[in-house]
Amino acid sequence: DSGVTQTPKHLITATGQRVTLRCSPRSGDLSVYWYQQSLDQGLQFLIQYYNGEERAKGNILERFSAQQFPDLHSELNLSSLELGDSALYFCASSVGQGMNQPQHFGDGTRLSIL
Amino acid sequence: GNSVTQMEGPVTLSEEAFLTINCTYTATGYPSLFWYVQYPGEGLQLLLKATKADDKGSNKGFEATYRKETTSFHLEKGSVQVSDSAVYFCALGAGGGADGLTFGKGTHLIIQP
């Protein structure tokens, strides 16, 4: 058990809809990262938050947004969903924001767009 | 930009065989290097890491050495078990400020009894 909790585990919705994925980091971790895992693109970094502030952006679409709340949990919002957004979305957390620190991953949310 | 290249597999071995999964990287600066393992239906688990050249990371019988001269971080294990069957990801974290990890495409390892 990594200590990172993601909900829901599975999400099935239709094109054009909007969903929210939730992540609670490990106790004591201040950084939260979001990744997308798909068969064709592999694991891609989307965005990072540190102590409530956005710190880095990767390959995140404009239709996607995220935030980190004062209690350090984070939400990833996906809107105007397309078939290609079907993927496994992982949240990870680390104590600080430096890249020499290991990231601890949740079990992911599997998003299926019908 | 940063990139990681690893053999995709599947790699099929018999129990107690020697394992090598190759990983090479391209990065600016001095990245940290990681191996993560993903079991079916689960998230990624950190297997080992190395933060500077010539560092050797090790865990659960797995080892990898950070080779700056060959930009490599190959994963090895002397005697694999059926329970090692999983997908293995090599990843790098760029040195300096905040950013996400850059992952290879993953190597699916199958160990047969």
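About the thresholds
- Residues numbered from 1 in each chain as written.
- Chains lettered and ligands numbered in written order.
- Predicted model: local features only at pLDDT ≥ 70, side-chain atom pairs only at ≥ 80, totals over all residues.
- Heavy atoms only, no water.
- Helix = DSSP H or I, 4+ residues; strand = E, 2+ residues; numbered from the N terminus.
- Rg over C-alpha atoms; globule rule 2.2 N^0.38 Å.
- Buried < 20%, exposed > 50% of the residue type's maximum accessible area, 1.4 Å probe, protein only.
- Contact = heavy atoms within 4.5 Å.
- Areas by Shrake-Rupley, 256 points an atom, 1.4 Å probe, with all protein chains shown as cover.
- Salt bridge = Lys/Arg side-chain N within 4 Å of Asp/Glu carboxyl O.
- Disulfide = S-S within 2.5 Å.

Colleague: Explain the overall build of chain A to me, please; I cannot follow it from the model alone.
Modeller: Along the backbone of chain A there are zero helices and eleven strands. For chain A, the α and β elements follow one another from N to C terminus as β-β-β-β-β-β-β-β-β-β-β. In terms of C-alpha radius of gyration, chain A reaches 13 Å, essentially the compact-globule figure of 13 Å for 114 residues. Dimensions of chain A, computed from the C-alpha atoms along their principal axes, are close to 40 × 30 × 25 Å. Counting every position in chain A, which comprises 114 residues, the buried fraction comes to 51%. Of all intrachain contacts in chain A linking residues separated by at least 6 positions in sequence, the fraction that spans at least 24 positions is 56%. For chain A, the accessible area works out to roughly 5,400 Å², and carbon and sulfur atoms hold 46% of it.

Colleague: Just to check I follow, could you spell out the pattern of salt bridges for this structure?
Modeller: Between side chains of opposite charge, pairing is possible as soon as their charged atoms come close. Residue and element names in this part refer to chain A. The full count for this structure, using the stated rule, is six salt bridges over all chains. Across the salt bridge formed by Asp-29 and Arg-26, the nearest N and O atoms sit 2.9 Å from each other. In this structure Asp-29 comes out as buried when scored by relative accessible area, which is 1%. Linked by salt bridges that have partners in common, Arg-63, Glu-82 and Asp-85 make up one network.

Colleague: When you look at the state of the cysteines in this model, what are you seeing that I'm missing?
Modeller: Applying the stated criterion to the full structure yields two disulfides over all chains. The side chain of Cys-23 of chain A participates in a disulfide bridge whose partner is Cys-91 of chain A; the two sulfur atoms lie 1.8 Å from each other. Its S-S torsion of approximately -55° makes the covalent link between Cys-23 of chain A and Cys-91 of chain A left-handed. In this pair, Cys-23 of chain A is assigned in strand S3 (residues 19–24) and Cys-91 of chain A in strand S9 (residues 87–94), connecting sequence segments 68 residues apart. Classification of Cys-91 of chain A as buried rests on a relative accessible area of 0%. The disulfide partner of Cys-23 of chain B is Cys-90 of chain B, and the S-S distance across this bridge is 1.9 Å. Residues Cys-23 of chain B and Cys-90 of chain B are joined through a disulfide that is left-handed, its torsion about the S-S bond being -70°.

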